[in-house]
Structure formats: structure tokens, C-alpha cells
Number of protein chains: 2
Amino acid sequence: MKPVKVGICGLGTVGGGTFNVLTRNAEEISRRAGRHIVIEQIAMRRDNPACDTSGMQTTTDIFEVATNPEIDIVIELIGGYDTARDLVMTAIENGKHVVTANKALIAVHGNEIFEAAQEKNVMVAFEASVAGGIPIIKAIREGLAANQINWLAGIINGTGNFIMTEMREKGREFADVLQEAQDLGYAEADPTFDVEGIDAAHKLTILSSLAFGIPLQFSKAYTEGISKITPQDIQYAEELGYRVKHLGITRRTDKGIELRVHPTLIPKDVLLANVNGVMNAVLVDGDAVGQTLYYGPGAGAEATASAVVADVVDVVRTLTADRDNRVPHLAFQPSALSDAPVLPVDETTSAYYLRLQAVERPGVLAYVTRILGEKGINIEAIIQKQTTEAQVPVIMLTQRVEERMMNEAIREIEALPDILGEIVRIRVEQLAD
Amino acid sequence: MKPVKVGICGLGTVGGGTFNVLTRNAEEISRRAGRHIVIEQIAMRRDNPACDTSGMQTTTDIFEVATNPEIDIVIELIGGYDTARDLVMTAIENGKHVVTANKALIAVHGNEIFEAAQEKNVMVAFEASVAGGIPIIKAIREGLAANQINWLAGIINGTGNFIMTEMREKGREFADVLQEAQDLGYAEADPTFDVEGIDAAHKLTILSSLAFGIPLQFSKAYTEGISKITPQDIQYAEELGYRVKHLGITRRTDKGIELRVHPTLIPKDVLLANVNGVMNAVLVDGDAVGQTLYYGPGAGAEATASAVVADVVDVVRTLTADRDNRVPHLAFQPSALSDAPVLPVDETTSAYYLRLQAVERPGVLAYVTRILGEKGINIEAIIQKQTTEAQVPVIMLTQRVEERMMNEAIREIEALPDILGEIVRIRVEQLAD
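As recorded by an unreviewed UniProt entry, chain A carries the name Homoserine dehydrogenase and is attributed to Marinobacterium marinum. Per its UniProt entry, chain A bears the Cofactor (unreviewed entry) comment "a metal cation".

Structure follows, in C-alpha cells:
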């Protein structure tokens, strides 16, 4: 069969990895795909020392690739929002299929991009945009197609998981580990995207749409970072049998869809709690299959390239399938998307870990538990730490409750004269049903 | 679009689950697939009380389904070898696509079945045949298509893993736990298939072909069961930092393909070591992606049905793709299969756990280590247990060596006058590269 010609836009980390995987494994890939996949052109701002592009057609103009009549598939690996959007839209306009690793682009501009692609009868594949080399999009979109997905929870930011792992294993402070992660190149100079959960929210937005068949709604995702987590809270969580992870969680409820990224206590014997370092994992709960988990590297040149190239092969395979029989971009047919609302965070439900600083005086705990009781919040466990000082830390685990009620309770408890400072509150998920 | 009509052959556990998932999730599935999937006919020997088949067209003759001109896809869920083979070949002969959960059938008759399917331009899908609801076949065949797979290792028999987990957690004997598993319905009355590794070898044979592009060669798989594992060995392994799991392992080497099922010591902090009870998991090492792991329920009515129905949706989606662009049955194009040989077990390479019973006399250990040294076997760790008796257990971990050399060494060591009885030998894998 005729070779398929691809153009690579961006020869940075992932672009370089993609170039190397496509060239090194060319034979193995064509044994699978049934035809050769040829790199026709590369758009790059500068050489990547990891790649030997001698003899290749290169350009500094990405739009040259997007409009090159020889090219069947444009691989967008430049990152960012606006230029990437223009590039992808131009490629679609020119009848080209697109493969991208850009979660920000898909989470923010995906609806518009998929609509354009549908109109032009081309595919936009984005496996690499979530959890790097783990084929999680394929798993949810195809492998679990028989299920009504109930919820999914994932460690989908490697930097954040590295920091949480180091803090737990070595009792180190957040700022200290972040500095190390920056020195190691795991974290950006501006770490906001990673540690404040924005990157994870991009990915979760995509997974949520695939799981529940809703349009992409990044702006409605709730994000809370890990910068306020202390080694102390991690230690108390351990004592209670839990581990703190920065999770993206999306859940279908009767009222709508929960879409939230925040630090979370999970039981320490579940597999997800034992995903350490920069690794990613996503746990999916479906009504037929029950729980399945997908684990692997969430970043890295060739790990991400693995997903990019798998997408290229997928696109090649469906070139002759008619549009209506292809796997839909968001797993569900565009005409069958759901209008279930994404819930504001105060309408979501969760159990809670609370840490209070109380003056050591008889009756304080009674006031606290009465307020919780009035809000219908049941307490699962309490630890009151012995101390020689005049104030004691009190740690509580509650049962599930709507966040709105917890907010009210916390406001009232913080107003008690014997409660000092702000209450630390971390959500708890059993991941059991 | 026109509905797709399926016929279900077999309404036992998995058949009943498939019926229920297809009916309960009909709407969700058609939102994904873009058309309705309708159960046209069911062949069953008796009613399944879990299924309401009233108003359905039923028969006791599976071949009626295989030849029913109304039916597009035949779902084979009767199990076994010969009748299942005849049924599947008849369905193919009649131009029908086939979905099956039957690992024995695929491992033993797959080559012949796929050849017939290829000729008649129909698909035979078999995701449910390995690891139940985990979409592992899709992951290897499509999700990791960019990679040269180096090796994979899996817990792919839930009964065996349940037994190993109970033995470790409670220090129980094999026979005792097996009895309980039989009482719970996890193990068959004749447990040979599960505990001797035959079922796992069926599944591993399939995974190996998908990973390396070799024809199915079940007869060349090495299988060793768990019936000789003692709580004592599990305990010693823990002391050394390892856990004993019944693994299927297949690896590409310069000389050929390793294909082996046996109890294995793996480091207890790797995720695979923490897969407990009846759960399954497969760890795959690819040259681009590195390690990814897939975890979930390996059996059960609806978990397996999840994979069966996902296959149905997959088949529906590629109905209009021309044959050469479809995902090949064994991941690689039929014309591109490899003739790499499956290695006899004595040509495979592994590290070893050895347990010897030695007379407590100076110099015994020197004899043993000299024999190992002569065979080029390096020792990683030795534990000599203190005892009040005249004989002591000696536990050793060796580095990797060809099995042939280990066999020779064991023969010589067992011939030493101060070594009593047979040496216990369990393979060790670090799962690190």
C-alpha cells in the first residue's frame, strides 16, 4: 500500500522523541500498520541534538507543513494555545488529519476543533495529551465502550506526584522538594501549571468528556493545588491508614458531573496510593467491568511519543472507514453528547480530613462535634494529639457530605473562641464504589 | 444507521453477563457506536435465571445462530475446544464476524481461525479471552503500536492469585486455600487448568503473539504450577524483599522468544507484587514507552462481558474499513509474522531462589558455592537459618543464568552427601529493565 506521509511540527522534547521512534521502529510499525509511515517534513525552530534530521525536508514555518499537499497527517507538538490552535485549524482546513499531544489546546479549544474536523471528515487524535504513554484515552473510549462509567480518579501530573512522594517518604517540606524537582528538570521554572493543578485539570477535563459524553468544559473544573500540604498532614493521614495524592476526580451523579482536582486522602493499600514518583495512573469505575487501572510514565520524550505514534497508526487504519463508523472524538457521537451540567464544587460530595488547632480546654471538642452534627456531618475518626503546649491539634475524618455543608460547618467552627487559625481541610475518597 | 444484529451462543456466566450488559446499557452503547446493537437470537441449553429472555428468539442449536442470515456478528461463549472451533468456523464460513471469550480456542486453534477469517474478510475479536475486563489486547495491539515490546509479565489467572494472596497473608497451606477457593466458586472442581498454569499459558500464548508478531504456539509454552509452593518459601521470600506470584512471562531475546508460566519472586514494592486476590494485571515493557501496567478483574460475568461488548462495538466500527486497514488479528500483518522460535525452557534466562536442606557441618556451604561458581552462577544473597536441629535450611538468591546451567548445578548439589532431599527452586524476576 501507498506510504502515509506525516509532517512533524515542533522538534522539542516530544517532537524529538516522535522523530526517533518513527525512524528507529519504522519496520516494526509498518509490520503492524501494513504500510510505511514516512516523515515528509519537519517544522522546527532549532536543531534537536537528539535527532539526526540530515537529508530531511525541514522548515521554520509550521504553516508550511499544515498546507503541504504531500502531507496526510500533521503532528502538532509545539504546545501552547493560540498558535497551536491556528496550526491545527489550518491543517484541518487543508483536509489533513491531526495528531496532537497538547492537553491545553484540547481542553480549551477542543469542541471547536472537533467540530471543524467532523465537517472536513478528518480525525484529530490526542492520546498523548493525557497521561503520556498510557493508552488511557483508547481504554476509556474503546476498551470500556460497554460501560456506563461511574467515576474515574487519576494521578495525572508527574511533577505533583513526585513532590507528594518525596514529601511522604522523606518528611520534607513542599517548597524544598519543589526546588529539587526544578533542579532535576521535572518542574518548570514557573511551576504553577503543575502544582496548582491546572495541567491536571486540562487532562481531567478531557477524560471527563470521554467518560460521560459531555462537551469539554475546562472553565468549570475546580482546581486546588498541593502547595499548602504539610509533611505533618501527610504523617497524620498515614496514621489513619491513608496516603495523600494529588488527584483528578470526575464522577457522574444524579445532579450532574463532578470535575475536580485537589489533594486527596486515599486508603494506603489501594494500588493508586502506591503509584510513586513521576509515574501516572488512572483508576476507572464502570458499571459492567468494575474497577480497572492504567499505569505508566506520564511524560518524557519517547513515552509521550509512544502515544503520538500509536495515534498516527490509528489514523492510518481508519483512513478508509467512513466517518460515521470511526471512533468519535469524544467517545460519543457528536449528536449524542449529554447536557449534564458540571457541578460547582460546593455541590459536590466528599468525605473530609480536618485538622484544627484548639486551645486545650474541656468542652472544646463538644462544641466542634455539635456543629458538625447540626450540619448532618458524621465523624468517622478523631485523633487528639498529646502535647505539652496549651494548644492541641485535633484531626478528624468525616463521612461523605455535600461541600456546601462542610463550608458552613468550617465557618462556624473557626468562629469558636477556642479554635485557633484556619482549619486545614483535605478531601477523602475511599475509591471503593 | 441500520442496527447491527448479534447472536449469542451460550447463556452461562459470561453469556448471561453479555446479554445483561447489552440490554441494560443499550442506549449508552448506541450513543457511542452510532447505531443500535440488537440481540437477534440466543442459543442456550437452559435458562439463565439472571437473564430475562422473554420475547427473544432462542434456540438450543448453536449452529442455527452461526448460519442465521439475519445475524452480522456471532458471539461465541460456549467455551471448550472442538465444538467452539466448529461453531466459529461455521460462522466465518457464513460470512459472519465473530467475538469470543475463549482463550483455549484462540491459543490452540487461533492460527487456523484467523486464516479463515482473513480469507472471508471477517473479523474475529477476542479481547475477553485474556484478563477478563482489562482491555489488554487493545493496549498491546493498538495502544503500544509504536513500540518494540521487550517483555511482558502478567498475573493472568485470578484463582491462582487468590490462592497465593491467601497463603501469604495468612500463612496458610496451598491445599487448604484451594479447598476454600473451590467452596467460594473461584476454583473449579478440577483445578488443574488454574493451579497448574494451563489457563495462564493459553492467555500468555495469545499475549506473546500480539507482542512479538509470532504465530500462536501454545504447545511450546512452559508451564509450572503453584501446588508445590509452601508458606515457608513465601515467608523466606518476604524476608528477602520479594513476593511470590504466579506469572506468565514472555520476553524477546536474540535467540528467540521466552514463553513461560511459573511461580516467580518479584520485588515486593513493585505494583505487580501488590495485585491481590482474584485481580489480574499485566506489566508491559516497550522500547519507547517504558513500563505500563493494566489492572482489573480477570473474570466474572459482567467484567468479561465488558470486553465482549467492547469487541462488538469495535467490529461494528470497522465494518466499512477495508480489510487491509483493519487492526490485524495478531497485531502484525499476516504476511509480516516473525519466525523467531519459542525457546525451550532450558534456554531461557532467569535469576533463582534456591532452598536447600543441609546437614549442619562446616564446609557444606563451600561445596555448594563452588559448584555454583563453576557453572558461572553468581550469588546475590544467602540466608542460613539458625536451628536447633541437625539440619539447616539455606536460602540463596542467584543472579541471572541460563536455566540449563542451573539444572546442572542443582543436579550436582543434590548429589552432595550433606544435602538432603530435593532443592526447591523458584525463578526470580526484577521486572526492572
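Draft legend 1. The overall build of chain A, seen in detail. Of regular secondary structure, chain A possesses 14 helices and 17 strands. Taken against the 2.2 N^0.38 rule, which gives 22 Å for 433 residues, the C-alpha radius of gyration of chain A at 24 Å falls within 12% of a compact globule. Taking the principal axes of its C-alpha atoms as reference, chain A extends roughly 80 × 45 × 35 Å. Here chain A holds 433 residues, and 61% of them are scored as buried. Of the roughly 15,800 Å² that chain A leaves accessible, carbon and sulfur atoms contribute 48%. Where the 40 positive side-chain charges of chain A centre and where its 59 negative ones centre are 2 Å apart.

Draft legend 2. Representation of the sheet that holds strand β2 (residues 37-43) of chain A. Residue and element names in this part refer to chain A. Across the sheet, which stays open at both edges, the 6 strands sit in the order β3-β2-β1-β4-β5-β6 with parallel pairing between neighbours. Taken across any chain shown, the strands that pair with only one partner, and hence form the sheet edges, are β3 (58-59) and β6 (124-125). Alignment of strand β5 (residues 97-100) against β6, held across 2 bridges, turns out to be parallel. If you follow V99 over to β6, its bridge partner there is A125. Relative to β2, helix α1 (residues 13-24) is tilted by about 155°, and along the sheet it contacts β1 (4-9), β2 and β4 (73-76).

Draft legend 3. Expanded view of the packing of aromatic side chains. Residues and elements named next belong to chain A. Throughout the structure, instances matching the rule amount to 5 aromatic pairs over all chains. Centroid distance F162 to Y186: 4.9 Å. Interplanar angle 80°. Geometry classified as edge-to-face. Pair noted here: F162 is in helix α7 (residues 158-170) and Y186 is in the loop between α8 (174-184) and α9 (192-195), with a separation of 24 residues, a long-range link. With relative accessibility at 39%, the residue Y186 sits in the partly exposed group.

Draft legend 4. How the structure looks around the packing of helix α5 (residues 103-120) of chain B against helix α10 (residues 198-212) of chain B. All names here are of chain B. Running from amino to carboxyl end, α5 crosses α10 at an angle of 55°, the nearest separation of the two axes being 9 Å. The angle between α5 and α10 places the two elements in the oblique class. Helix-helix and strand crossings are classified by hand; for α5 and α10 the assignment is left-handed. Mapping the contact onto sequence places K103, A104, I106, A107 and V108 in α5 and D199, H202, K203, T205 and I206 in α10.

Draft legend 5. Spotlight on the relation of the copies chain A and chain B. Note on the identical chains: chain A maps onto chain B by a rotation of 180° and an axial translation of 0.0 Å, with an RMSD of 0.0 Å. Taken together, these values place the two copies in the relation of a two-fold axis. Of every C-alpha in chain A, the one belonging to A:A321 sits nearest the axis of rotation, 2.0 Å from it. A symmetric contact is evident, with 98% of the interface residues of chain A recurring at the interface of chain B.

Draft legend 6. Here's a closer look at the sheet that holds strand β3 (residues 58-59) of chain B. Residues and elements named next belong to chain B. Taken in spatial order, the 6 strands make up an open sheet running β3-β2-β1-β4-β5-β6, and their pairing is parallel. Looking along the sheet, the strands with just one partner apiece sit at the ends: β3 and β6 (124-125). As paired elements, strand β4 (residues 73-76) and strand β5 (residues 97-100) share 4 bridges and run parallel to each other. Bridge pairing in β5 links E76 to T100. In the packing of helix α1 (residues 13-24) onto the sheet, the strands contacted are β1 (4-9), β2 (37-43) and β4, and the crossing angle to β2 comes to about 155°. Across the sheet, helix α4 (residues 82-93) is in contact with β1, β4, β5 and β6; its angle to β4 comes to roughly 175°.

Draft legend 7. Spotlight on the UniProt feature "binding site: L-homoserine" (unreviewed entry) in chain A. All names here are of chain A. Residues given the UniProt feature "binding site: L-homoserine" (unreviewed entry) here are E188. Mapping E188 onto the fold places it in the loop between α8 and α9. The exposed category is assigned to E188, whose relative accessible area is 54%.

Draft legend 8. Structural context of the domain arrangement of chain A. Residue and element names in this part refer to chain A. Domains assigned within chain A are domain 1 (4-132 + 301-336), domain 2 (136-297) and domain 3 (350-428). With centres defined by C-alpha atoms, the gap from domain 1 to domain 2 works out at 26 Å. Contacts between domain 1 and domain 2 engage 23 residues on the former and 23 residues on the latter. The junction of domain 1 with domain 2 conceals about 2,000 Å² of combined surface from both sides, 66% of it contributed by carbon and sulfur atoms.

Draft legend 9. Quick look at empty space enclosed by the protein. Residue and element names in this part refer to chain A. Inspection of every chain in the model, using the stated rule, returns 3 cavities of 30 Å³ or more. Of the volumes computed, that of the largest cavity is approximately 60 Å³. If you go around the largest cavity, the residues you meet are G154, I155, I156, N157, G160, N161, A200, H246, L247, G248 and V261. Where the lining of the largest cavity is concerned, the elements lending two or more residues are β7 (149-155), α7 and β9 (242-252).

Draft legend 10. Highlighting the pairing of strand β9 (residues 242-252) of chain B. Residue and element names in this part refer to chain B. Burial within β9 is extensive, with 10 of its 11 residues counted as buried. Examined bridge by bridge, strand β7 (residues 149-155) and β9 share 4 bridges and lie antiparallel to one another. By the bridge assignment, L152 is partnered in β9 with T250. Alignment of β9 against strand β10 (residues 257-267), held across 11 bridges, turns out to be antiparallel. Its bridge partner lying in β10, K245 is registered against T264.

Analysis parameters
Residues numbered from 1 in each chain as written. Chains lettered and ligands numbered in written order. Predicted model: local features only at pLDDT ≥ 70, side-chain atom pairs only at ≥ 80, totals over all residues. Heavy atoms only, no water. UniProt positions renumbered as here; feature names shortened; annotations may be inferred. Helix = DSSP H or I, 4+ residues; strand = E, 2+ residues; numbered from the N terminus. Rg over C-alpha atoms; globule rule 2.2 N^0.38 Å. Buried < 20%, exposed > 50% of the residue type's maximum accessible area, 1.4 Å probe, protein only. Areas by Shrake-Rupley, 256 points an atom, 1.4 Å probe, with all protein chains shown as cover. Lys, Arg positive; Asp, Glu negative; His and termini not counted. Charge placed at Lys NZ, Arg CZ, Asp CG, Glu CD. Pairing = 2+ DSSP bridges. Contact = heavy atoms within 4.5 Å. Axes fitted to C-alpha atoms, helices over the stretch in contact; angles between N-to-C directions. Phe/Tyr/Trp six-rings, centres within 6.5 Å; stacked < 30°, edge-to-face > 60°. Parallel < 35°, antiparallel > 145°, perpendicular 65-115°, else oblique. Left-handed = near helix turned anticlockwise from the far one by under 90°. Least-squares fit on C-alpha atoms with pLDDT ≥ 70 in both. Domains from an automatic or database assignment. Buried area = accessible area lost by both parts, 1.4 Å probe. 1 Å grid on protein atoms, 1.4 Å probe; cavity = no way out; pocket = protein on both sides within 12 Å on 5 of 7 lines; lining within 4 Å. Points joined across faces, edges and corners; volume = space filled by probe spheres on them.

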